[in-house]
Amino acid sequence: IENLGIRDEYVTQIKASSARNLGRYDDSEGAWKLLLRKSSKRADYAFALAEVLTRQRKDAEALKVLSPFARNNDQLNPSCLALSCDIEEHRGKPEVAFSLLNACYARIQDEVPLLLKHIQLGYTVGKEEDSHRSLKRLDVLRRQGKVSKELFTLVPFERIKEIIKSSHESWKNLKQLY
């Protein structure tokens with residue numbers, strides 16, 4: 001691409017994506033950093049850079065890149081928030097992941113994947129009331145037809161707690177094996 005003498009934003013995006021797809025994470029990282037320096041308000045660039053950084057086990061740097069877009073502000077981006085939570089959870093910090101989501105709750109009330117993550121993390125860290133609030137919000141969205149009936153089925157509150165705690169224990173056990 002560089003041999004063609006074309007060096008605009010679109011070409012840099014192609015380079016960054018292609019390098020990532022080829023497993024050339026250093027090259028991809030450099031291209032995404034260049035793009036983000038030129039367009040610092042682009043959450044999609046931050047997300048792509050953070051994704052490449054996590055593939056290189058640079059989680060702290062990825063979280064720093066995502067931070068402006070994973071906070072309760074006008075730049076909040078659901079994908080960046082979700083990735084931040086996933087990174088924190090995989091670092092063994094579900095409390096931090098839950099705090100990120102909980103701080104943004106007013107802005108994520110229509111984001112089904114984030115509500116599901118809020119429920120799961122809330123039960124994991126013992127914040128059942130907050131999880132129940134998200135569960136009730138999902139029920140409202142279900143009744144409005146915004147959540148498919150196949151995705152969301154009402155089950156007793158105690159059963160949900162059991163499922164999430166079991167899932168969390170399985171995850172902890174899996175982490176110990178690897």
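Residues numbered from 1 in each chain as written. Predicted model: local features only at pLDDT ≥ 70, side-chain atom pairs only at ≥ 80, totals over all residues. Heavy atoms only, no water.

Take the confidence of the model for the protein next. Mean pLDDT over the protein stands at 90; residues scoring 70 or higher make up 93%. Summarising per-element confidence for the protein, the mean pLDDT is lowest in helix α9 (residues 157–177) (82) and highest in helix α4 (residues 59–66) (98). (pLDDT = per-residue confidence, 0-100. Helix = DSSP H or I, 4+ residues; strand = E, 2+ residues; numbered from the N terminus.)

Structurally, K117 can be placed in helix α7 (residues 112–124). Beyond its immediate sequence surroundings of up to four residues, K117 is in contact with D86, E89 and L101. (Contact = heavy atoms within 4.5 Å.)

Next up on the list: the packing of α7 against α9. Running from amino to carboxyl end, α7 crosses α9 at an angle of 80°, the nearest separation of the two axes being 9 Å. Considering the angle they form, α7 stands roughly perpendicular to α9. Along its contact with α7, which presents I119, Q120, Y123 and T124, the element α9 presents F157, I160, K161, I164, K165 and H168. Among the residues forming the contact of α7 with α9, the class breakdown is five nonpolar, three polar and two charged. (Axes fitted to C-alpha atoms, helices over the stretch in contact; angles between N-to-C directions. Parallel < 35°, antiparallel > 145°, perpendicular 65-115°, else oblique. Nonpolar A, V, L, I, M, F, W, Y, C, P; charged D, E, K, R; others polar.)

Time to look at α7. For α7, which comprises 13 residues, the first-to-last C-alpha distance of 18 Å matches the rise-based estimate of 18 Å (1.5 Å per residue) to within 8%. For α7, the tally of buried residues reaches 10 of 13 residues, placing the bulk of the element in the interior. For α7, the full list of buried residues reads V112, L114, L115, K117, H118, I119, L121, G122, Y123 and T124. Structurally, α7 contributes buried residues whose contacts are with α5 (78–90), α6 (94–103), α8 (128–143) and α9. Looking one or two residues past α7, G126 carries a phi angle of roughly 80°, positive in sign. (Expected span 1.5 Å × (residues − 1). Buried < 20%, exposed > 50% of the residue type's maximum accessible area, 1.4 Å probe, protein only.)

Per the stated rule, a full pass over the model turns up 18 salt bridges. Of the charged contacts, one joins R20 and E51 as a salt bridge, the two residues approaching to 3.8 Å between their closest N and O atoms. Of this pair, R20 sits in helix α1 (residues 9–21) while E51 sits in helix α3 (residues 43–55), and the two are 31 residues apart along the sequence. Of the charged contacts in the structure, one is a salt bridge between K117 and D86, with a shortest N-O distance of 3.0 Å. Here the residue K117 occupies a position in helix α7, and D86 occupies one in helix α5, the gap between them amounting to 31 residues. Using a relative accessible area of 28% as the deciding quantity, one classes D86 as partly exposed. Put simply, E29, K33, K58 and E61 are held in one network by salt bridges that share partners. (Salt bridge = Lys/Arg side-chain N within 4 Å of Asp/Glu carboxyl O.)

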